[in-house]
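Survey of secondary and tertiary structure
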Amino acid sequence: MKLRWLNLTAAAALTLGASQAMAADMPPLAASSGCTACHAIDKKVVGPAWADVAKKYKGDAAAKDALVGKVKAGGKGNWTEVTGGVPMPPYSPRVSDADIGTLVDFILGL
Ligand code: HEC
């Protein structure tokens, strides 16, 4: 069963090609919430690469609350050297608190 899944995944990755396979790594919730307009896993779009966000806050126990707050209320200032000072828009109440928590967990887990 597991082997079969691996084979299917490998086949899909080959069919899609590297760049699309990378884009597919964004969770569906990130696309449906609008995050993918400005974020990718591995490169800056408008906002910082999520992999860089994970790196910046690695080992910071307060990061989850701070980032949930940032996604809910928006803001700028933490990535000015990457973004040139563009703000992150506020997402509450457009995206539920539970979904924002799930997205931040995903980002910090990268
Ligand atoms: C209009 C563009 C845009 C969209 C859409 C967007 N972001 Fe951002 N995001 C940014 C920018 C710009 C920053 C950098 C803010 C800063 O300098 O502090 C950022 C920063 C972040 C950070 C790091 C915050 C920090 O203080 O270090 C996280 C986490 C994040 N975004 C998550 C999300 C999530 C989750 C979504 C979807 C619900 C999302 N973003 C949608 C532009 C966007």
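Residues numbered from 1 in each chain as written. Predicted model: local features only at pLDDT ≥ 70, side-chain atom pairs only at ≥ 80, totals over all residues.

Topic: the site of the ligand
- Around the ligand, the structure places 29 residues, and the nearest of them are Cys35, Cys38, Gly47, Asn78 and Met88.
- Those elements giving two or more residues to the shell around the ligand turn out to be α5 (63-73), α6 (80-83) and α7 (97-108). (Near = placed C-beta within 6 Å. Helix = DSSP H or I, 4+ residues; strand = E, 2+ residues; numbered from the N terminus.)

What about the environment of Thr83?
- When you line up the elements, Thr83 lands in helix α6.
- We classify Thr83 as partly exposed; it has 18 C-beta atoms within 10 Å.
- A sequence separation of 35 residues divides Thr83 from Pro48, and the C-alpha atoms of the two residues are 7.1 Å apart.
- The contact partners of Thr83, leaving out residues within four places of it in the chain, are Val46, Gly47 and Pro48. (Buried ≥ 20, exposed ≤ 12 C-beta atoms within 10 Å, placed from the backbone. Contact = placed C-beta atoms within 7 Å.)

A closer look at the nonpolar core
- Counting residues in hydrophobic clusters, the biggest one holds 11 residues: Ala30, Cys35, Trp50, Val53, Leu67, Val71, Tyr91, Ile100, Leu103, Val104 and Ile107.
- When contributions to this core are tallied by element, the ones reaching two or more residues are α4 (50-56), α5 and α7.
- The element that contributes the greatest number of residues to this core is α7, accounting for four residues.
- Non-local contacts of Val53, meaning those with residues more than four positions away in its chain, are made with Pro48 and Ile107. (Core = buried A, V, L, I, M, F, W, Y, C linked by C-beta atoms within 7 Å.)

Here's the deal with the packing of α5 against α7
- At a closest axis distance of 10 Å, the pairing of α5 and α7 adopts a crossing angle of 125°. The angle between the axes of α5 and α7 places the two elements in the oblique class. Crossing angle aside, the handedness with which α5 passes α7 is right-handed. Between α5, through Ala63, Lys64, Leu67, Val68, Val71 and Lys72, and α7, the contact on the second element is made entirely by Ile100, Gly101, Leu103, Val104 and Leu108.
- Looking at side-chain class alone, the contact of α5 with α7 contains eight nonpolar, one polar and two charged residues. (Axes fitted to C-alpha atoms, helices over the stretch in contact; angles between N-to-C directions. Parallel < 35°, antiparallel > 145°, perpendicular 65-115°, else oblique. Left-handed = near helix turned anticlockwise from the far one by under 90°. Nonpolar A, V, L, I, M, F, W, Y, C, P; charged D, E, K, R; others polar.)

Side note on the confidence of the model for the protein chain
- Averaged over all residues, the pLDDT of the protein chain equals 86, while 78% of them reach at least 70.
- Between residues 11-24, whose pLDDT stays under 50, and residues either more than four places distant or in other chains, the model counts five contacts. (pLDDT = per-residue confidence, 0-100.)

Describing α7
- For α7, which comprises 12 residues, the first-to-last C-alpha distance of 16 Å matches the rise-based estimate of 16 Å (1.5 Å per residue) to within 8%.
- Every buried residue of α7 is accounted for by Ile100, Leu103, Val104 and Ile107. Each buried residue of α7 sits inside an arc of 95° when the element is viewed along its axis, so together they form one side. Of the residues in α7, the exposed ones pointing more than 90 degrees away from the buried face are Ala98 and Asp105.
- Tucked inside the fold, the buried residues of α7 contact α3 (28-33), α4 and α5. (Expected span 1.5 Å × (residues − 1). Arc of directions from axis to C-beta.)

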